[in-house]
Structure formats: structure tokens, C-alpha cells
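One-letter residues, chain by chain:
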Amino acid sequence: MRPLRSIILGSAVAFAAFQATAQVPAGYPASYAETIAAAKKEGKVVVYSTTDTASANPLIKDFEVLYPGISVEYNDMNSTEIYNRFISERAANAGSADVLWSSSMDLQIKLANDGGAMTYASPEIAHLPKWAVWKNEAFGTTYEPIAFVYNKRLLAGDEIPQSHADLLRLMTQKMDKFKGKVTTYDIEKSGVGFMLITQDSKYNPAFWDFVKALGAVGPRFQSSSGTMMERISSGENLLGFNIFASYAVLRAKKDPSIGIVLPKDYTLVMSRVMFASKTAKNPNAAKLWVDYILSKRGQTIVASQAELGSIRPDVEGEMTEAGLAKTLGDRAKPIPVSDELLGYLDQTKRLEFIKRWQQVIKAGR
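Please read these numbers as outputs of a predicted model, since none were measured by experiment.

Engineer: How should I be thinking about the overall build of the protein in this particular structure?
Structural biologist: Counting its regular elements, the protein contains 15 helices and 13 strands. Relative to the globule expectation of 21 Å for 365 residues, the C-alpha radius of gyration of the protein, 23 Å, shows essentially globular dimensions. In terms of principal-axis extent, the alpha carbons of the protein reach across some 95 × 40 × 35 Å. Looking at the protein as a whole, 55% of its 365 residues qualify as buried. Taking the contacts inside the protein whose residues are at least 6 apart along the sequence as the reference set, 77% of them involve residues at least 24 apart. A total accessible area of about 15900 Å² is found for the protein, and carbon and sulfur atoms account for 53% of it. Side chains of the protein give 43 positive and 38 negative charges; the mean places of these two sets differ by 1 Å.

Written as C-alpha cells, this is what we have:
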């Protein structure tokens, strides 16, 4: 007869194993139970993110319900701050993020390319578009069109641009009305703004004419889309471009002054890039967080509650890749999670672009 203590211990171990196994998502390998058990021992996951805490909260709460005992230490900051903080902490061999999640796709790929990302073949990869996966290290997580935003009280009819060519026409033909009234990112201060404008240069055949016309109306450059929308709402500015539609939709629900256009010539689509750190202090919890955000459960919350736009084609709804495909069709231009993003991060190439941008803006004045 086995001693009572051995029976109790054996039952406890078996129950713990059962708990872990019971939480393995459908379709995952049985060995994932070991990752869950190890993550519970770690007890937390540290996330550095550009996604507003308010938008991320539904995801954080659901993750902690799904994996009780694992807390999410969420740090909300801008893209440049995430980049600089991570590289300085790595250089000092200090504690840093387990997971980085940023809208600055190019800076994320640079960090991963420089050896900062864990190689991890997430079980969710098969459910993602091929353009959203980089070397099993970095993953696109959202599907967010880039929009024109305008003041509905102050613009109407043909004063509302429907394409980049329309916007060029307005800045050229109605210069007096739009003088000092057009806003966009300050590309010298915003990593996201720089990435988006270089993508514009790729798709807009009249790009430098567009920049010259922008210079002529005296643009108002900002570091955040929130500031841009506040000034559009107040009427200080009439319209802005290269603004995240996800943020604009949230704002428009509470603010009747905000109008949104997804450009009809081409609509850039941005995807927040996530990777687990190669030097993560909580590597198993990091894997759980990455997998959760990419999962159908997580992506449903991304679309329906965080309202950032789901990247998975099997998630239904207006703010999803599938739903937006019906609206955008071929004009959707997703920015691929690829080495291509590294091009303008070459310091010489970046400075050349900014120098020409400054010269053309100045020439337009």
C-alpha cells in the first residue's frame, strides 16, 4: 500500500499537469502544457508597447483570465522611446521587456535584425498572412488603414479629398482656405510618421509635387495622431493625412466633428509588429502573450474591443482584414513585415530623404 503522503503528492502533481493540459489551446501541440507551466512559475510578462493602455486593457484582462497567476506588466510609450530604452537596457545587460509591440514597424524589424528577437515558431503562424511574418521572429498583429481625417463642420463636397491627387488639388487650387490648416506627422520626430511618408513616396507618382504643395500651405507638423485630431476637431486645422484610421474611428464615435476618408487611389495599411525578446527574463510567458495576441480569441478582442483591426482572415467584423478587404479591395497596400523596411533606416539614406523633404517643403513656401 502506498503511503498517504505519496498519494497526496502524486495527486497534486497530476492535478497540476491536468490544469496545464486543460489550458492548451485547440490545435496546439500537447507539449505546450510545459510552456504554460513554466510561464506560471515565471509569474509575469513585461510588455513595452506603443498601443494605448486603454486600448490594450481588454486584452490584458482576458489574458490574465486565460492564464491565472501570470500578470501583465504593461508599459505604454512612444516608438522612439521603446527603441532607445530597449537597446540601452540590452547594452547594460539590465532587465528589459519580454515582449516589444510597436507601431513603428521599421524600428521593430531593425531591433529584430540586430539580434534582439527570439526565434519562435508560434503555433498561430499558419493563420497569418505571409507578409506579416518575418523569419519566425517578428509578427504583424493588426490591420490598420491609414486615413485622411477632416472636420465635418467645416469641409463639405469637393473640399473633402478622396485621394492623394485630390489632396494635392485642394492644396494647390484652394491654397487660401487651407493655409496653415493641414496637419500630419513631424517625420523628423516620429518614427511612424517617417515610415508612412516613405511608403507614400513609393505609391504616389506625384509625391514630390505633393510635398511642394504641402509646403505652400504651411503644414502643421505633430508628433501624435491624438494631437492632430484634437486640432482638426477644434477647427484649428481642417484636415490631416497619414492618421491611423483605428484611432480616428474611436475618436469619431465620441466626436461628431471627425470625418474619415480611406483614400481611393491607395490606402496604406499598417500592422503593429510584435516580438519576444531574445534575452527575455520571462521567455515562456512572452511566448504565451505573443500566441494569445495572434490567436483567434485575442484577434477577436483586437477587432471588437481594442478596435485596432484584426490581421487574421478568419476573424469577422468591420475592423478586420476580411471586412476591410470588402471596402478597400485592391487599393489596400499592406506594409510588409520585411527587410524592405530597413531601407530608409540606413542613416545616409534617411538623412538624404529628410534633407530633400526639407528643401521641397521650403521651396513650396
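Engineer: I'm lost on the sheet that holds strand 5 (residues 138-140) in this one. Help?
Structural biologist: Sheet strands line up and pair through hydrogen bonds in the backbone, either parallel or antiparallel. Within the open sheet, the six strands sit side by side as 2-1-3-12-5-4. Their pairing is mixed. With one partner strand each, in any of the chains shown, strand 2 (71-76) and strand 4 (133-134) form the two edges of the open sheet. As judged from the two bridges shared by strand 4 and strand 5, these two strands associate in the antiparallel manner. Bridge assignment links Val-133 to a residue of strand 5, and that residue is Phe-139. Docked against the sheet, helix 4 (residues 79-91) engages strand 1 (44-49), strand 3 (99-102) and strand 12 (273-276), running at close to 155 degrees with respect to strand 3.

Engineer: Would you mind showing me how to read the side chain of Ser-225 here?
Structural biologist: Locating Ser-225 in the fold gives a position in helix 10 (residues 225-234). Residue classification places Ser-225 among the buried positions, given a relative accessible area of 5%. Not counting the four nearest positions on each side in its chain, Ser-225 is found in contact with Tyr-185, Ile-243 and Tyr-247.

Engineer: Just to check I follow, could you spell out helix 6 (residues 164-173) for this structure?
Structural biologist: The periodicity of an α-helix, 3.6 residues per turn, causes residues three or four positions apart to be oriented the same way. Among the residues of helix 6, those classed as buried are His-164, Asp-166, Leu-167, Leu-168, Leu-170 and Met-171. In this fold, the buried residues of helix 6 make contact with strand 6 (144-151), helix 7 (175-178), helix 8 (191-203), helix 9 (207-216) and strand 9 (239-244).

Engineer: Please clarify how the nonpolar core should be interpreted in this entry.
Structural biologist: The nonpolar side chains of soluble globular proteins are, as a tendency, buried together. Core analysis: the largest hydrophobic core is formed by 78 residues, its most contacted members being Leu-59, Phe-63, Leu-196 and Trp-289. Among the elements that take part in this core, helix 12 (residues 283-294) stands out by supplying eight residues, more than any other. Residues contacting Trp-289, with those up to four places away along its chain left out, are Val-45, Val-47, Leu-59, Ile-60, Phe-63, Val-72, Val-99, Trp-101 and Met-274. Formed by 28 residues, the second largest nonpolar core is a distinct cluster that contains Leu-167, Leu-214, Val-217 and Ile-361.

Engineer: So what exactly am I meant to see when it comes to the pattern of salt bridges here?
Structural biologist: Two side chains carrying opposite charge are able to pair once their charged atoms lie near each other. A full pass over the atoms with the stated rule returns 14 salt bridges. The partner of Glu-73 in a salt bridge is Lys-44, with the nearest N and O atoms 3.3 Å apart. Here the residue Glu-73 occupies a position in strand 2, and Lys-44 occupies one in strand 1, the gap between them amounting to 29 residues. For Glu-89, the salt bridge is made with Arg-85, and the minimal N-O distance between the two is 3.0 Å.

Engineer: Teacher, can you tell me more about the pairing of strand 12 here?
Structural biologist: Strand residues, when the strand is regular, have side chains that alternate between the two faces of the sheet. Every second residue of strand 12 is oriented toward a common face, with Val-273 and Phe-275 on one face and Met-274 and Ala-276 on the other, all of them buried. Pairing between strand 3 and strand 12: four bridges, direction antiparallel. Residue Ser-102 lies in a different strand from strand 12, and its bridge partner there is Val-273. In this sheet, strand 12 lies alongside strand 5 in antiparallel orientation, the contact comprising two bridges. Directly across from Gly-140, in strand 12, lies its bridge partner Val-273.

Each value, and the rule that gives it
Along each chain, residues carry numbers from 1 onward, in the same order as the chain's sequence is written. With pLDDT at 70 or above as the cut-off, local features in this predicted model cover only qualifying residues; side-chain atom pairs require 80 or more to be listed or tallied, and sums for whole chains, interfaces and linings still use all residues. The basis for every side-chain value is the complete set of heavy atoms in the structure, and neither hydrogens nor water enter the calculation. Each helix is a run of H or I in the DSSP string that is no shorter than four residues. Each strand is a run of E no shorter than two, and both are numbered from the N terminus. C-alpha atoms define the radius of gyration in this analysis, and the globule rule sets the expected value at 2.2 Å times the number of residues to the power 0.38. Buried means the residue's accessible area, taken with a 1.4 Å probe over protein chains only, is under 20% of the maximum for its type, while exposed means over 50%, and partly exposed covers the values in between. Any pair of residues with heavy atoms lying within 4.5 Å of one another is described as a contacting pair. Computed by Shrake-Rupley with a 1.4 Å probe, the accessible areas treat only the displayed protein chains as cover when residues are assessed. When charges are counted, Lys and Arg contribute as positive and Asp and Glu as negative, whereas His and the chain ends are disregarded. We put the charge of a Lys on NZ, of an Arg on CZ, of an Asp on CG and of a Glu on CD. The rule for pairing is simple: two strands pair if DSSP sees at least two bridges between them. The angle between two axes is taken between their N-to-C directions and runs from 0 to 180 degrees, where each axis is a line fitted to C-alpha atoms and a helix contributes only its stretch in contact. We call a set of buried residues a nonpolar core when its members are Ala, Val, Leu, Ile, Met, Phe, Trp, Tyr or Cys and they connect through side-chain atoms within 4.5 Å of each other. When a carboxyl oxygen of Asp or Glu is within 4 Å of a side-chain nitrogen of Lys or Arg, the pair counts as a salt bridge.

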